[in-house]
Amino acid sequence: MMSGWRWVRRWVLVWAVVLLRCAVGGTGLAAETGPAVLVGAAKMDITPSEPVRMYGYAARKAESEGIAGRLKASALVIGDDGAEGPAVLLAVDCGAVPPSVRDEVFGRVQAKAKVKQERFMLCNSHTHSGPDLAGMGSLSGVEREHLARYAQELTEKLEQVVLKALAARRPGRLAWATGTVGFAANRRVLKDGKWTGFGAVPGAAVDHSLPLLRVTDAQGKLLAVVVNYACHNTTLRGNFKQIHGDWAGAAQAAIESDHPGVTALVTIGCGADADPCPHGTVDLCQQHGRALADEVKRLLAGPFKPVDPRLIARRAVLRLPYAALPPVEELKRRAPNSFPLQRLLGQLERGEKPPAARDYYVAVWAFGEDLAMVFLSDEVVVDYALRMKREFDGSRLWVSAYTHLVSGYVVSDRLIGEGGYEVNNSLSALISYGRPESVQPSVEQRIVDCVRSLLPEAFRRAPASAAR
């Protein structure tokens, strides 16, 4: 017969194994024990309190008519105030936060905390059912007053949510995993290799990957998740006249409902040529958000790869020079198909001097040798992410777009050959006055070379298995 002490010891061991298996199999939180770092997260409602003109879709000529979904701003802070200072990731449900607002928020935060430019990333969700702050300058009267008032409110709230996240810091750990979500579809319909319109194109280039950064406290409690998906935030179309965060807003709400007390941040990848499929209704926003949240739930069950919290941040500003100004009559012939050229032509007609160059922002956050996050400005097409995942170590690469600035498309060399909407409204077309093919070296090559220069050596080469 087993002695009392041996019986107790056996049951202790049995229960220890059961608890460990539950922890690993149920949440994945006990499977990794990476280095600790201070982390803090916060979220704030940024829904406008009065009607405003809405972002995107030129056919909409009136202010919003009610609220179908709340808009949010979420902040994640990583690191203490020593050495290089903390890193701030700020995800905002907005079509495009103007650089003036972003710079004002950064200035206010920097006056109260040690934060450097390269460690402060503002990521726009690019919802087309939010306020049109980027277009405020072209408006007048009450419509401009409403947006100006909202810009002031947004500036204050973005400052507050970052300060709340800074104040909420406590010891925690980072880990990451990658899943897949399938609702993004390439929208560029081609005929004989040339763009003919929009649609959902089976088999065309798309990035369905869903990288997830998990943030836990020292005891393994889930605090925040950051996910990145390459798809336009345009489930709701131009006939929709209410405020809503689209699929990204729905995904945040679903994740936070599944995991009470957790802060969800959604950033957008290189999905400028991808639309949600199907699209058109709030119910479809919920459907896409639910699909993403379900994949998050699956990923949170583990396994995860621990992330070294020692973060190296690097930032570069590419100067893209304008070509020589063509005759105005030639510019007028090209302008009807390009909104940027129309604005530029208007400036010239008002006697304003054309700019000499355009700035483009690129940043990299490298977490030891575990993970490198690339942050690109503007609306970047999928070819950029796919190319960088081939040329660099795609197994440790996270590529976000819509960061810092959203003012036009960033197209690839392939798309320039196909032509069409994104190409005509791209930075390449803008700086070349409508002849994107004449930009040499191409904008694509300049950006990829810039990312390569910013990435630490450990991430620059693709694994041998990926070289083909």
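Look up: the structure comes first, before these words.
Throughout this document, residue positions are counted from 1 along each chain, in the order its sequence is written. Local features in a predicted model are, by the rule used here, given only for residues with pLDDT of at least 70; side-chain atom pairs are given and counted only at 80 or more, and totals for whole chains, interfaces and linings are based on all residues. Calculated side-chain values reflect all of the structure's heavy atoms, with hydrogen atoms and water omitted.

J.: Where do I start with unusual backbone geometry in this structure?
T.: When glycine is set aside, most residues are seen to have a negative phi, and most peptide bonds are trans. Note that the residue after glycine 302, namely proline 303, is joined by a cis bond; omega there is 5°. Within the secondary structure, proline 303 is located in the loop between helix H5 (282–300) and strand S13 (305–307). Unlike most non-glycine residues, tyrosine 57 shows phi in positive territory, near 55°. Look at tyrosine 57 and you get partly exposed, because its relative accessible area is 22%. Positioned with a positive phi, tyrosine 402 is a non-glycine residue whose angle comes to about 55°. Numbering of helices and strands runs from the N terminus, with a helix taken as a DSSP run of H or I at least four residues long and a strand as a DSSP run of E at least two residues long. Remark: exposure states derive from per-residue accessible area (1.4 Å probe, protein chains only) relative to the maximum for the residue type, with buried under 20%, exposed over 50%, and partly exposed in between.

J.: Before we go on, may I ask you to explain the pattern of salt bridges in this structure?
T.: Where side chains of opposite charge bring their charged atoms close, a pairing between them can arise. When a carboxyl oxygen of Asp or Glu is within 4 Å of a side-chain nitrogen of Lys or Arg, the pair counts as a salt bridge. Scanning the model with the defined rule gives 37 salt bridges in all. Taking the shortest distance from any N to any O, the salt bridge between arginine 170 and aspartate 217 comes out at 3.6 Å. Residue arginine 170 is found in strand S5 (residues 170–180), and its partner aspartate 217 is found in strand S9 (residues 209–217); the two are separated by 47 residues along the sequence. Where arginine 461 meets glutamate 457, a salt bridge forms, and the shortest distance between an N and an O atom there is 3.8 Å. For arginine 461, a relative accessible area of 66% translates into the label exposed. Among the charged side chains, a network of salt bridges with common partners joins Arg187, Arg188, Arg237, Asp275, Asp383, Arg414, Glu418 and Glu422.

J.: Could you clarify how one ought to interpret the packing of aromatic side chains in this entry?
T.: The way to describe two aromatic rings as a pair is by their centre distance and the angle between their planes. Note on ring pairs: Phe, Tyr and Trp rings are taken, using the six-membered ring of Trp, and paired if centres are within 6.5 Å. Classes follow the plane angle, with under 30 degrees stacked, over 60 edge-to-face and the rest tilted. In the structure shown here, the tally under the stated rule is nine aromatic pairs. Seen from their ring centres, phenylalanine 198 and tyrosine 421 are 5.4 Å apart, and the 75° between their planes marks the pair as edge-to-face. In this pair, phenylalanine 198 sits in strand S8 (residues 194–198) while tyrosine 421 sits in helix H10 (residues 421–424), placing the two residues 223 residues apart along the sequence. Residue classification places phenylalanine 198 among the partly exposed positions, given a relative accessible area of 44%. Relative to tryptophan 247, the ring of tyrosine 229 has its centre 5.8 Å away and its plane inclined at 90°; by these criteria the two rings are edge-to-face. Within this pair, whereas tyrosine 229 is found in strand S10 (residues 222–229), its partner tryptophan 247 is found in helix H4 (residues 246–258), the two being separated by 18 residues in sequence. Pair check on accessibility: tyrosine 229 and tryptophan 247 agree, each one buried. Three or more aromatic residues joined by ring pairs form one cluster here, namely Trp195, Phe198, Tyr409 and Tyr421.

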